[in-house]
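Structure at a glance
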Amino acid sequence: MKFPELIGNSKTITCKVAVKFCRSVRGLTTVLMATDVGAMPDKATDNAFPDGSGTPLELVRASTARVVAQASHVHIDHQALLDLTHALSSAYRSTPIAWDESGWHYQTDAAVAGPLTCQYILVLDTLNFCFWPTPGLEYEHLARGLKRALESDEHAFGAERLMRITPEEVAGWIDFSPISGDAAAAPTAVASGSEGRGGVGVEAFSPSPPTSNSCNNSSSSATVTSSSLLPSSPTLPLLLERTRKLQEVGRVLLRHFQGLASNLVLESHHSAVELVRLMTAYFPSFRDASLYRGELIFFYKRAQIFVGDVWAAYGKQTERSHPYSFKDMEQLTMFADYRVPQILRARGVLNYSPALERKIDTKEELSAGSEEEVEIRAATVQAVEQIMTTWNEGGKEGGREGGRVMSVEVDWLLWQEGEKAKEELPPHHRTLTIFY
C-alpha cells in the first residue's frame, strides 16, 4: 500500500520508508499533522506509533490522562463526579439515550442504509466547530440548514460540488430562522417520568447544584433564548476556513472514495477505531491535537463525532450485515468541545483556578493550544471516562438496564442537557479553533 501524495511533492513513498522517517521525528502522527493527505498502516490495531502508544483512541485516553495528572488550572472533584454519576444513572437507568431528540438532522434514507445520510453527516461534522463568535448561533442552525439544503437538492453535497464550493454557498446553507420549541427556553431536568429512578426524583439532575458559587454568573436570563440573541444580519464565523475544509473533503472523496462518504465508512470494515484512523489520515482538518508542555495531546473530536453520528443516524446498528454497523463503539471517548465542560463545571465536577474562572466568566478568549484550554478539554475527556466507568461498576443499583453505558452516550446526555440549560449555565470557555 502506498501513501497518498504529500503537499508540494508529486512523489509517493512506500509505507516502509515513511515509517522509518517517522521514527526520526517522534511518530507517525507528526507526519499526519503536517501533510495534505496522510499515511496509514494496514490495520487500526497495528502498533503504528513508534513509542508503542497504539491506536488513535488509546492516544486520546493516555495523553489526556497525563495532562490531568499534572494540570495546574483544572481539577476533577471526585465526590461531585460520583454525585453526578448517581443522578444520571438513576434518571437514565431504563430511559433510552437519544441522539436526535429534536429532529434537526437529515435521515431520510437511513432506514434503507442509503448514502445521502452519510454524506450529510460528513459535511455537517466538517463544519461543526466554533459557533460562539456570532451571538445566538448554535449547532442546530447548521444541522437544520444542511438538512434543508439536501432535501431541496439531493446533489447539494456531491464531491465535485464540494470541491468548488464558494463561501457564499456555504453561508447560504445556514438556517438562521428562530428555533422551533427552542431548547434554551426549557432548562428542565433530565427526563420526566419515574422509570428506573430508584426513588430519586427528577430534581436529582439539574443544571447547577444549589450550593454552586462561581457558577451564578450566567450572562443571560433563562427567558432569553439563543435565537433571540442572533444579530439582524448574522454571519458564519471562520467562513473562509470552513469553505476550505469542505473543498478538502470534496477532493479527498473524489480521489480516494469515488466521491462518497459511504465508501469511506465501508473502508473501516465495521470498526469505529479504524474509521477514526481513516479520518485523521485522509483529512488534515480532523487531526485535532495540541502541544502541552512539549508533548502532543490528542482529542480527535470531529473524527470521533463523525463515527458516533453515522452510527446513531443509521439506528445504532451492531449486525455485521449492516453497512453502517460498528463492532467497537465502546472505544470512542467523549467529544471534547464547549458544552460538556460547561455543564460539568456547573455541577462542580470541573474546578477551575481563580484566574481561569475570571477569564471564562468575563468571556476572555483562551488561545488555542494554551495550557488552560488543553487542560479543560483533557479533564473533560477524563471526567466522562470516570463517569462511564463508575456508572458501569454500579451493579444492580447503578447499572443500566439493557447493557453498559458508553462514553459516547454519556457525552450525548451531558451535551443535550447542556443545550437545554445553556441560558442558565455559567459561560463556556471561548477558543477560536477549527477543531471544535
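Fair warning: this is a prediction, and the values are worked out from it, not measured in the lab. (Residues numbered from 1 in each chain as written. Predicted model: local features only at pLDDT ≥ 70, side-chain atom pairs only at ≥ 80, totals over all residues. Heavy atoms only, no water.)

1. As for the overall build of the protein
For clarity, the cut-off: Comment: elements are numbered from the N terminus, with helices defined as DSSP H or I runs of at least four residues and strands as E runs of at least two. Each residue is assigned to one of three classes by its accessible area relative to the maximum for its type, calculated with a 1.4 Å probe on protein chains only: buried under 20%, partly exposed between the two thresholds, exposed over 50%. In what follows, residue pairs with any heavy atoms lying within 4.5 Å of each other are defined as contacts. Note on areas: these come from Shrake-Rupley sampling with a 1.4 Å probe, and a residue is covered only by the protein chains present in the view.
What the protein contains, in helices and strands, is 17 helices and 4 strands. Taking all 436 residues of the protein together, 57% fall into the buried category. Across the protein, contacts joining residues at least 24 apart in sequence account for 79% of those joining residues at least 6 apart. A total accessible area of about 17700 Å² is found for the protein, and carbon and sulfur atoms account for 52% of it.

2. Some words on the packing of aromatic side chains
Keep this limit in mind: When the centres of two rings from Phe, Tyr and Trp lie within 6.5 Å, Trp using its six-membered ring, the rings pair. Their planes under 30 degrees apart give stacked, over 60 give edge-to-face, and anything left gives tilted. A ring has a charge above it when a Lys NZ or an Arg CZ is no more than 6 Å from the ring centre and no more than 35 degrees off the ring normal.
If you walk through the whole model with that rule in mind, you get 11 aromatic pairs. With a centroid separation of 3.8 Å and 10° between ring planes, the pair formed by tyrosine 314 and tyrosine 324 is classed as stacked. One end of the pair, tyrosine 314, is in the loop between helix 12 (301-313) and helix 13 (339-346); the other, tyrosine 324, is in the loop between helix 12 and helix 13, and 10 residues separate them in sequence. By relative accessible area, tyrosine 314 is classed as buried at 3%. Overall, tyrosine 324 belongs to the buried group, its relative accessible area being 3%. These aromatic residues form a ring-pair network of at least three members: Trp104, Tyr139 and Trp415. The positively charged end of arginine 242 is found above the aromatic ring belonging to phenylalanine 131, 5.3 Å away from the centroid. The aromatic ring of phenylalanine 286 is capped on one face by arginine 302, whose charged end is 4.3 Å from the ring centroid.

3. Let's talk about the pairing of strand 2 (residues 289-292)
Quick note on the threshold: The rule for pairing is simple: two strands pair if DSSP sees at least two bridges between them.
Here 4 bridges tie strand 2 to strand 3 (residues 295-298), and the two strands are oriented antiparallel to one another. What sits directly across from serine 290, in strand 3, is isoleucine 297. Here strand 2 hands over to strand 3 after 2 residues, with arginine 293 in that stretch at a positive phi of 50°.

4. Thoughts on helix 17 (residues 407-420)
Applied cut-off: To estimate the expected span of a helix, count its residues, drop one, and scale the result by 1.5 Å.
The end-to-end C-alpha distance of helix 17 is 20 Å, a good match for the 20 Å that 14 residues give at a rise of 1.5 Å each. Buried residues dominate helix 17, accounting for 14 of its 14 residues.

5. Re the confidence of the model for the protein
Our working rule: A residue's pLDDT is the predictor's confidence in that residue, given on a scale from 0 to 100.
Model confidence for the protein is summarised by a mean pLDDT of 81, while 74% of its residues fall at 70 or above. Confidence over residues 1-52 falls short of pLDDT 50; this stretch has 93 contacts with residues more than four positions distant or in other chains.

6. Regarding unusual backbone geometry
One non-glycine residue, leucine 238, adopts positive backbone phi at about 50°. Take leucine 238: it is sitting in the loop between helix 8 (167-172) and helix 9 (239-256). Since its relative accessible area comes to 28%, leucine 238 is described here as partly exposed. The phi angle at arginine 293 is positive, at roughly 50°, despite the residue not being glycine. Among the secondary structure elements, arginine 293 is positioned in the loop between strand 2 and strand 3. Among the residues examined, arginine 293 registers a relative accessible area of 41% and is labelled partly exposed.

7. Section: the nonpolar core
Basically, it comes down to this: Throughout this description, the term nonpolar core refers to a set of buried Ala, Val, Leu, Ile, Met, Phe, Trp, Tyr and Cys residues connected via side-chain atoms within 4.5 Å.
Counting residues in hydrophobic clusters, the biggest one holds 113 residues, and the most contacted among them are Trp173, Phe306 and Leu414. Broken down by element, the residue count for this core peaks at 10 residues, all from helix 15 (residues 371-392). Membership of the second largest hydrophobic core comes to 6 residues, among which are Tyr338, Ile434, Phe435 and Tyr436.

8. Some points on the environment of leucine 236
Its place among the elements puts leucine 236 in the loop between helix 8 and helix 9. For leucine 236 and threonine 134, which are 102 residues apart along the polypeptide, the C-alpha to C-alpha distance reads 7.1 Å. Every residue in contact with leucine 236, bar those within four places of it in the chain, is listed here: Leu137, Val170, Ile174 and Arg242.

9. Details of the packing of helix 13 against helix 17
To keep things clear, this is the line we draw: Where helices are involved, their axes are fitted lines through C-alpha atoms of the stretch in contact, as for all axes, and angles between N-to-C directions lie from 0 to 180°. Roughly parallel refers to an angle under 35 degrees, roughly antiparallel to one over 145, roughly perpendicular to one between 65 and 115, and oblique to any angle outside these ranges. Each residue gets one of three labels, nonpolar for Ala, Val, Leu, Ile, Met, Phe, Trp, Tyr, Cys and Pro, charged for Asp, Glu, Lys and Arg, and polar for the others, Gly among them.
One way to put it is that helix 13 packs onto helix 17 with a least axis distance of 8 Å and a crossing angle of 80°. Between helix 13 and helix 17, the angle is such that the two are roughly perpendicular. Residue-level contacts link Arg339, Val340, Ile343 and Leu344 of helix 13 to Asp411, Leu414, Trp415, Glu417, Gly418 and Glu419 of helix 17. Its residues placed into classes, the contact of helix 13 with helix 17 shows 5 nonpolar, 1 polar and 4 charged.

10. Focus on the side chain of serine 90
Quick note on the threshold: Any pair of nitrogen or oxygen atoms within 3.5 Å is treated as a polar contact; in protein, a donor-acceptor pairing is required on top of that, and neighbouring residues in sequence qualify only through side-chain atoms on both sides.
In this fold, serine 90 is placed in helix 4 (residues 78-91). On the basis of relative accessibility, which here comes to 7%, the residue serine 90 falls in the buried class. Separated by 2.8 Å, the side chain of serine 90 and the backbone oxygen of histidine 86 make a polar contact.

11. A closer look at helix 11 (residues 272-282)
Most of helix 11 sits out of view: 11 of its 11 residues are buried. Taken as a whole, helix 11 has its buried residues at Ala272, Val273, Glu274, Leu275, Val276, Arg277, Leu278, Met279, Thr280, Ala281 and Tyr282. Where helix 11 begins, the side chain of serine 271 points an oxygen toward the backbone nitrogen of valine 273, at a separation of 3.4 Å.

12. Description of the environment of isoleucine 165
Mapped onto the elements, isoleucine 165 comes out in the loop between helix 7 (159-163) and helix 8. In this structure the C-alpha to C-alpha distance between isoleucine 165 and arginine 244, which are 79 residues apart in sequence, comes to 8.5 Å.

13. Things to note about the pattern of salt bridges
Where we set the bar: Take a side-chain nitrogen of Lys or Arg and a carboxyl oxygen of Asp or Glu: if they are within 4 Å of each other, that pair is a salt bridge.
The final tally for this structure, using the stated rule, is 20 salt bridges. For glutamate 385, the salt bridge identified is with arginine 61, shortest N-O distance 2.9 Å. Separated by 324 residues along the polypeptide, glutamate 385 in helix 15 and arginine 61 in helix 3 (residues 56-70) bring together distant segments of the chain. By relative accessible area, which is 11% here, glutamate 385 ends up buried. Put simply, lysine 422 and glutamate 419 hold a salt bridge, and the shortest N to O gap is 3.3 Å. On the basis of relative accessible area, lysine 422 is assigned to the buried category, the value being 7%. Accessibility expressed as a relative area gives 4% for glutamate 419, which makes it buried. When salt bridges that share partners are traced, they join Glu138, Glu140, Arg339, Glu419 and Lys422 into one network.

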